[in-house]
Amino acid sequence: MLCAGRGTRLGGRDTTPKALRRVAGATLLEWSLRAATEAGLFAHIVVVAPADAVYAFDGAVAAEGRRRGPGPAAATTITVVAGGATRVASTRAGL
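The paragraphs below set out a description of the structure included in this document. (Residues numbered from 1 in each chain as written. Predicted model: local features only at pLDDT ≥ 70, side-chain atom pairs only at ≥ 80, totals over all residues. Heavy atoms only, no water.)

## Details of the overall build of the chain
Regarding its fold elements, the chain presents 3 helices and 4 strands. When the helices and strands of the chain are listed from N to C terminus, the series reads β-β-α-β-α-β-α. Relative to its length of 95 residues, the chain is compact, with a C-alpha radius of gyration of 13 Å against a globular reference of 12 Å. Its C-alpha atoms give the chain principal-axis dimensions of about 40 × 30 × 20 Å. Burial analysis of the chain (95 residues in total) assigns 34% to the buried set. Within the chain, contacts between residues at least 6 apart in sequence are counted, and of these 62% link residues at least 24 apart. Within the structure as shown, the chain displays about 5,800 Å² of accessible surface, and the carbon and sulfur contribution to it stands at 59%. Taken together, the 12 basic and 6 acidic charged side chains of the chain have centroids lying 6 Å from each other. (Helix = DSSP H or I, 4+ residues; strand = E, 2+ residues; numbered from the N terminus. Rg over C-alpha atoms; globule rule 2.2 N^0.38 Å. Buried < 20%, exposed > 50% of the residue type's maximum accessible area, 1.4 Å probe, protein only. Contact = heavy atoms within 4.5 Å. Areas by Shrake-Rupley, 256 points an atom, 1.4 Å probe, with all protein chains shown as cover. Lys, Arg positive; Asp, Glu negative; His and termini not counted. Charge placed at Lys NZ, Arg CZ, Asp CG, Glu CD.)

Written out as structure tokens, the structure is:
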């Protein structure tokens, strides 16, 4: 799950990475993880985060894991890795 973008096209002065910005009560990352885990199609998801925000993404993933609780969605493991300077480099990091 490529989340290493900064969201500069969203505008504003917020420097929070795009995936950690809140929309309708949850971050974009949380919405994406919920959809992916609840689909029940993935045993493992790799979240590619901005290199300087891996810690924040780890926290968001942990919080989403606690929200999921037991059940089929909880069977999905999620790993956060640092993205690269370009989209291609981030894709490589995720693979």
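## Observations regarding the environment of Arg66
Counting through the fold element by element, Arg66 comes out in helix H2 (residues 54-68). Between the C-alpha atoms of Arg66 and Ala19, which are 47 residues apart in sequence, the distance is 19 Å.

## What about unusual backbone geometry?
In the Ramachandran plot, Ala24 falls in the positive-phi region, its phi being about 55 degrees despite a non-glycine side chain. Locating Ala24 in the fold gives a position in the loop between strand E1 (22-23) and strand E2 (26-27).

## What about the environment of Arg6?
Within the secondary structure layout, Arg6 lies in the segment before E1. Owing to a relative accessible area of 34%, Arg6 belongs among the partly exposed residues under this scheme. Arg6 sits 44 residues away from Pro50 along the chain, and the two C-alpha atoms are 7.8 Å apart. If we ignore the near neighbours within four places in the chain, the residues touching Arg6 are Thr15, Thr16, Pro17, Lys18, Arg21, Pro50 and Asp52.

## Focus: helix H1 (residues 28-38)
Helical periodicity: at 3.6 residues per turn, an α-helix aligns residues three or four positions apart in one direction. When we look at burial in H1, the residues that qualify are Leu29, Glu30, Leu33, Arg34, Ala36 and Thr37. Those residues of H1 that are buried lie in contact with E1, E2, strand E3 (44-49), H2 and strand E4 (77-82). Downstream of H1 by a residue or two, Gly40 has a phi angle that is positive, lying close to 70 degrees.

## A word on the pattern of salt bridges
Applying the stated criterion across every chain, the model contains 2 salt bridges. Residue Glu30 is joined to Arg22 by a salt bridge in which the shortest nitrogen-to-oxygen separation is 3.6 Å. Between Arg34 and Glu64 there is a salt bridge; the shortest N-O distance is 3.3 Å. Residue Arg34 is located in helix H1, and its partner Glu64 is located in helix H2; the two are separated by 30 residues in the primary sequence. This pair shows no difference in class: Arg34 is buried, exactly as Glu64 is. (Salt bridge = Lys/Arg side-chain N within 4 Å of Asp/Glu carboxyl O.)

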